[in-house]
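Architecture at a glance
One letter stands for each residue in the lines below.
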Amino acid sequence: MYRLYCRRYASTFSLRYTTKNEPILEYRRDSKEIKQVQTAVDEYKSKVTRIPCIVDGKEIWTKNIQKQVLPFDHKHVLAEYCYADGSLIQKAIDSAVKNQYKWDLMPIEQRANIFLKAADLAADLKWRSRLVATTMLGQGKTVFQAEIDAACELIDFWRFNIQHLATAMAYQPISTRDSDNSYMHRGLEGFVAAVSPFNFTAIGGHLASAPALMGNTVLWKPSDTALLSNYLVYKILEEAGLPPGIIQFVPAQGEEFGRKITQSPNLAAITFTGSTKTFKTLWKWVAENLDNYRTFPRLIGECGGKNFHLVHPSADLTSVVIGTIRSAFEYSGQKCSACSRVYIPRSLSKEFFSQMKTIMSKELRIDSPLKSDTFTSAVIDRASFNRIKSYIDHARSSSSTKILVGGEYDDSTGFYVQPTLIETTDPKDKLMCEEIFGPVVTVHVYDDNKFDEIVDVVNQTSNYALTGSIFCQDNKILEKTRERLINAAGNLYLNDKSTGSVVNQQPFGGARLSGTNDKAGGPHYIFRFSSPLAIKNMKEPLKTFKHVSME
Ligand SMILES: NC(=O)c1ccc[n+]([C@@H]2O[C@H](COP(=O)([O-])OP(=O)(O)OC[C@H]3O[C@@H](n4cnc5c(N)ncnc54)[C@H](O)[C@@H]3O)[C@@H](O)[C@H]2O)c1
Ligand SMILES: N[C@@H](CCC=O)C(=O)O
C-alpha cells in the first residue's frame, strides 16, 4: 500500500499543463460549422433517440419511459429515456462505491488525459456539431447560445480543471533532516451525487466530471429537459476512455433520486446546480440522515439569483440598454445570471425606456432557435411557462406595476413568452425580489439625488447574491458602490451586463442563498472533491522516548 502511494506521489510532480479558452466559432451562413450543425439538427429531428440508464458501464432500461420534447414545438418528441427506479439507483451507488478505490489509485496523469481527450473530441466538429445541435433542439438555444455553452464552456471546464490541478500539485510541504513529508490528493471515500440543471449542457458535464477527475466515482442525474445533450456528453467521455462504472448515468425522478442518495451511508458529496429550493431540500435530507453516514457529506450547491443592474446618473446609456437586452432576454432569461431588476435614475429613464421599447418591439425576433435571425426562443417547459405567466399576470393586476413592452404568452405550439419590460414604483414588489427565470425584467426609477439610498435597497432587497452590474462612469463612485455591494453578488460586473461569465476569466458562483460559492471554472472548485493526505516518512528508526531536556 505504501509503495503505491509513493509511486502516485512521485508521479504528481510530472503533471504540467496550461491552456487557453476555446475560441467561439461564428456560424456564418455557408460556413463549415453551420453546415455541420444543420446536418446534425436534421439527423436528430428526424428520429427519436432512445437513451438508457448506464450503470457500471451497462445500458439498462426500466419500464418507466419518459419523453423529451422540443420546447419550441412540444408535440415533437426528441428523445425517449427511462427513469432509474430505487433499486437501480442503489445498484449505481454500489457500483460507484465498488469502483472508487481503484479509480482513485490510478495515476493522476492517466485520469487527466481522459478529460483532455474528451475536450479534444468535443472541440472537433464531429462531436461539437452534435453537442450544439442537441442543445438547440432539446433546450431551445440559438446556435450562438449553444456554442458558448455546449462547446466552449464544456471544453474549457475540462481543460482548465486540469490546469488548476497541475498548479496546485506544485505545492509540497517542507521536509526536514528527520523526515520526508509529502501531500497528495485523494478522492472522497464513497460516491458523489451530481445533480444538474437544464439550462447549461456544460454544467451537467462539469458536475459529473470534476469529481471524477479528482478520483471520485459519480452518480450523475441529468435534468429531464436536457437529457439528449447530456447523454452525448456521457458518450464523449466514454469514447475518451472513461472506464465503465466511474460515472453512472442515471436519469431519475428528482425526489426519488434525492431521497435514495441521501439515505446511503456512502454518500460523500452532493454537487448540485439548480434552484435554491431543491438545494435546501437536499440539505435537509442530509441533515435528517446525519447519524447514518460514514463521513460528513460535502454539499456544493450553485443556485438561483435575482441579478441587478444598478445604473448611476453618470452611466453610458447605450451600455445599459445593450447590456440589459442581452442579460435579461438572451436564452429567454433562463440563465441564473440573467438581469431581472434594474434601478435607473429619473434623468436617464425616459431615454432608457424609449430605446428598450424600440429594440424589443422592432428588433428581437422570438421564434424557432433553428432560424438564423432568431434572438431567443421558447422557455423550457410547461412548468416554467406557467410560473413566468403568473408573474406577468401579477404585473397586470398590481397597482404599482405597469407592463411597458411584451406581456404576451402562447403555449399552443411551443412555450413562448414574449420578452417583457415592466416598471414598478415599489422597489420591494415581488417582481424585484423573487427569481422568475424567464424573459421578464422589472425596472424601478429612482430620483437622481437618492443614489445612496438605492444602493442600500439593491443590497437588502433579495436573499440571492449571484450576479450584479454597476453602470457608472465616475470611478470614485463606482469604487465606493462596489465596496458597499461587496456581499450582494458572487460575480460583480462594472459597466457590463450581468451574464456571460467565461471559465477562468470570471470564476462563477454566488453568495447568500445563491449557493456555496465554490466558483466553477476557478482554481478551487475541484478541491471540494479532494480529501488530501499528508504523509510523514521517517528517515531513521526511532531510538528513545526521552526528550533531550530529560537527560
Ligand atoms: N448558480 C449557478 O451556477 C446556476 C447555474 C445554472 C442554473 N442555476 C439555477 O438553476 C435553476 C434552474 O434549473 P432547474 O429548473 O433545472 O432547477 P431545479 O432545482 O428544478 O432542478 C435541478 C435538478 O435537480 C433535480 N431535482 C429536483 N428536485 C430534486 C430533489 N428533491 N432531489 C434531487 N434532485 C432534484 C432536477 O431533476 C434537476 O436535475 C434556477 O434557479 C437557476 O438560477 C444556477
Ligand atoms: N456562465 C453563465 C452562468 C450559468 C447560469 O446559468 C453566465 O454567466 O452566463
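In this numbering scheme, every chain counts its residues from 1 along its sequence in written order. Lettering of chains starts at A and numbering of ligands starts at 1, both following the order in which they are written. Only residues with pLDDT of 70 or above have their local features reported here, since the model is predicted, and side-chain atom pairs are shown and tallied only from 80 upward, although totals for entire chains, interfaces and linings are computed over all residues.

In the annotation of an unreviewed UniProt entry, the protein chain is listed under the name Multifunctional fusion protein and assigned to Adineta steineri. UniProt positions are given in the numbering used here, feature names are shortened, and annotations may be inferred rather than shown by experiment. Check the Catalytic activity (unreviewed entry) section of the UniProt entry for the protein chain; it says "L-glutamate 5-semialdehyde + NAD(+) + H2O = L-glutamate + NADH + 2 H(+)". Taken directly from UniProt, the Pathway (unreviewed entry) text for the protein chain runs: "Amino-acid degradation; L-proline degradation into L-glutamate; L-glutamate from L-proline: step 2/2."

Another point: the domain arrangement of the protein chain. The source of the domain bounds is an automatic or database domain assignment. Under the domain assignment used here, the protein chain contains domain 1 (2–9 + 25–303 + 515–534) and domain 2 (307–494). With centres defined by C-alpha atoms, the gap from domain 1 to domain 2 works out at 31 Å. Strands here are runs of E lasting at least two residues and helices are runs of H or I lasting at least four, both read from the DSSP assignment and numbered beginning at the N terminus. Elements with a minimum of two residues in the side of domain 1 that touches domain 2: strand 5 (73–82) and helix 5 (125–139). Class assignment for the residues of the side of domain 1 that touches domain 2 results in five nonpolar, eight polar and three charged. In this count, Pro and Cys sit with the nonpolar residues alongside Ala, Val, Leu, Ile, Met, Phe, Trp and Tyr, while Asp, Glu, Lys and Arg are called charged and the others, Gly among them, polar.

Moving on: the UniProt feature "active site" (unreviewed entry) in the protein chain. UniProt's feature table lists "active site" (unreviewed entry) at Glu302, given in the numbering used throughout. Here a residue counts as buried when 20 or more other C-beta atoms sit within 10 Å of its C-beta, as exposed when there are 12 or fewer, and as partly exposed otherwise, the C-beta atoms being derived from the backbone. Given 28 C-beta atoms within a 10 Å radius, Glu302 is considered buried. Note on contacts: each residue gets a C-beta atom placed from the backbone, and two residues are in contact if those atoms are within 7 Å. With residues up to four places along the chain from it excluded, the contact list for Glu302 reads Thr273, Gly509, Gly515 and Ala520.

Before going further, it helps to examine the packing of helix 4 (residues 108–123) against helix 5. Think of each axis as a best-fit line through the C-alpha atoms, taken over the contacting stretch in the case of a helix, with angles from 0 to 180 degrees between the N-to-C directions. Taken N-terminus to C-terminus, the directions of helix 4 and helix 5 make an angle of 75°; their axes are 5 Å apart at the nearest point. The orientation of helix 4 relative to helix 5 falls into the category roughly perpendicular. Mapping the contact onto sequence places Leu121, Ala122 and Ala123 in helix 4 and Trp127, Arg128 and Leu131 in helix 5. Counted by class, the contact of helix 4 with helix 5 contains five nonpolar, no polar and one charged residues. Angle categories are assigned with fixed cut-offs, so that under 35 degrees is roughly parallel, over 145 is roughly antiparallel, 65 to 115 is roughly perpendicular, and the rest are oblique.

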